[in-house]
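Listed below, chain by chain, are the residues.
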Amino acid sequence: MKKKVLTVDDSRTIRNMLLVTLNNAGFETIQAEDGVEGLEVLEDANPDVIVTDINMPRLDGFGFIEGVRKNEKYRAIPILVLTTESDAEKKNRARQAGATGWIVKPFDPTKLIDAIERVTA
């Protein structure tokens, strides 16, 4: 069975790159444009892993991660942060919110797939 990845990013370009990368690697991909939509599709998506941006309108990545972690059902889902931010303070904040890992954009498709496979193994 294909592993499901929920991607949350407000950039159409990044969403398209993620879709191609993940689908080519054999994952099923569900996409959301921001944290609000990410939380809305979470129930139906029931992903094995989440890849989220930090800087988004309506609800940023920190708020989205906290929203996911508030629900007992989703507490164990690995969450990878994919962002242009490389600031240590933001990394710590993401970790405190419940992020599993951190990948800096622009991302290397191979490294992203390796990271996803590591956290879902």
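Residues numbered from 1 in each chain as written. Predicted model: local features only at pLDDT ≥ 70, side-chain atom pairs only at ≥ 80, totals over all residues. Heavy atoms only, no water.

1. Here's the deal with the pairing of strand E3 (residues 49-52)
Reasoning step 1: Every second residue of E3 is oriented toward a common face, with Val-49 and Val-51 on one face and Ile-50 and Thr-52 on the other, all of them buried.
Reasoning step 2: In this sheet, E3 lies alongside strand E1 (residues 4-8) in parallel orientation, the contact comprising four bridges. Residue Val-8 lies in a different strand from E3, and its bridge partner there is Thr-52.
Reasoning step 3: Of the pairings in the sheet, the one linking E3 to strand E4 (residues 79-83) comprises three bridges and is parallel in character. Within E4, the position partnered with Ile-50 by the bridge is Ile-79.
Reasoning step 4: Taking the sense of rotation as the criterion, the β-α-β connection linking E3, helix H3 (residues 61-70) and E4 turns out right-handed. (Buried < 20%, exposed > 50% of the residue type's maximum accessible area, 1.4 Å probe, protein only. Helix = DSSP H or I, 4+ residues; strand = E, 2+ residues; numbered from the N terminus. Pairing = 2+ DSSP bridges. Right-handed = clockwise from strand over helix to strand, strands pointing away.)

2. Quick notes on the pairing of E1
Reasoning step 1: Counted residue by residue, E1 has four buried out of five residues, so it is predominantly covered.
Reasoning step 2: Pairing of E1 with strand E2 (residues 28-32) involves five bridges; the strand directions are parallel. Paired with Val-5 across the two strands is Thr-29, which belongs to E2.

3. Let's talk about H3
Reasoning step 1: In terms of residue burial, H3 counts as a mostly covered element, since seven of its ten residues are buried.
Reasoning step 2: Among the residues making up H3, those that are buried are Gly-61, Phe-62, Gly-63, Phe-64, Ile-65, Val-68 and Arg-69.
Reasoning step 3: Close packing links the buried residues of H3 with E1, helix H2 (35-45), E3, E4 and helix H4 (88-97).
Reasoning step 4: The distance from a side-chain oxygen at the start of H3 to the backbone nitrogen of Phe-62 is 3.2 Å, and the residue carrying that oxygen is Asp-60. (Contact = heavy atoms within 4.5 Å. Polar contact = N/O pair within 3.5 Å; in protein donor to acceptor, adjacent residues only side chain to side chain.)

4. Considerations on the UniProt feature "modified residue: 4-aspartylphosphate" (unreviewed entry) in the protein
Reasoning step 1: Taken from the UniProt record, the annotation "modified residue: 4-aspartylphosphate" (unreviewed entry) applies to Asp-53.
Reasoning step 2: As for its position among the elements, Asp-53 is in the loop between E3 and H3.
Reasoning step 3: By relative accessible area, which is 5% here, Asp-53 ends up buried.
Reasoning step 4: For Asp-53, the residues in contact, after removing those within four places along its chain, are Val-8, Asp-9, Asp-10, Gly-61, Leu-82, Thr-83 and Lys-105. (UniProt positions renumbered as here; feature names shortened; annotations may be inferred.)

5. What about the packing of helix H1 (residues 12-24) against helix H5 (residues 109-120)?
Reasoning step 1: Between H1 and H5, the least distance of the axes is 10 Å, while the angle of their chain directions is 65 degrees. The two elements H1 and H5 cross, and the hand of that crossing is right-handed. On H5, the residues touching Leu-18, Thr-21 and Leu-22 of H1 are Pro-109, Leu-112, Ile-113 and Ile-116.
Reasoning step 2: Taken together, the residues of the contact of H1 with H5 break down into six nonpolar, one polar and no charged. (Axes fitted to C-alpha atoms, helices over the stretch in contact; angles between N-to-C directions. Left-handed = near helix turned anticlockwise from the far one by under 90°. Nonpolar A, V, L, I, M, F, W, Y, C, P; charged D, E, K, R; others polar.)

6. Some points on the nonpolar core
Reasoning step 1: The biggest cluster of nonpolar side chains holds 21 residues, and the ones touching the most others in it are Leu-6, Ile-50, Val-68 and Val-81.
Reasoning step 2: Those elements that provide at least two residues to this core are E1, E2, H2, H3, E4 and H4.
Reasoning step 3: Here the element with the most residues in this core is H3; it accounts for four residues.
Reasoning step 4: When near neighbours in sequence (up to four residues on either side) are disregarded, Ile-50 contacts Leu-6, Leu-42, Phe-64, Val-68, Ile-77, Pro-78, Ile-79 and Leu-80.
Reasoning step 5: Counting 15 residues, the second largest nonpolar core, distinct from the first, contains Leu-18, Val-51, Leu-80 and Ile-113. (Core = buried A, V, L, I, M, F, W, Y, C linked by side-chain atoms within 4.5 Å.)

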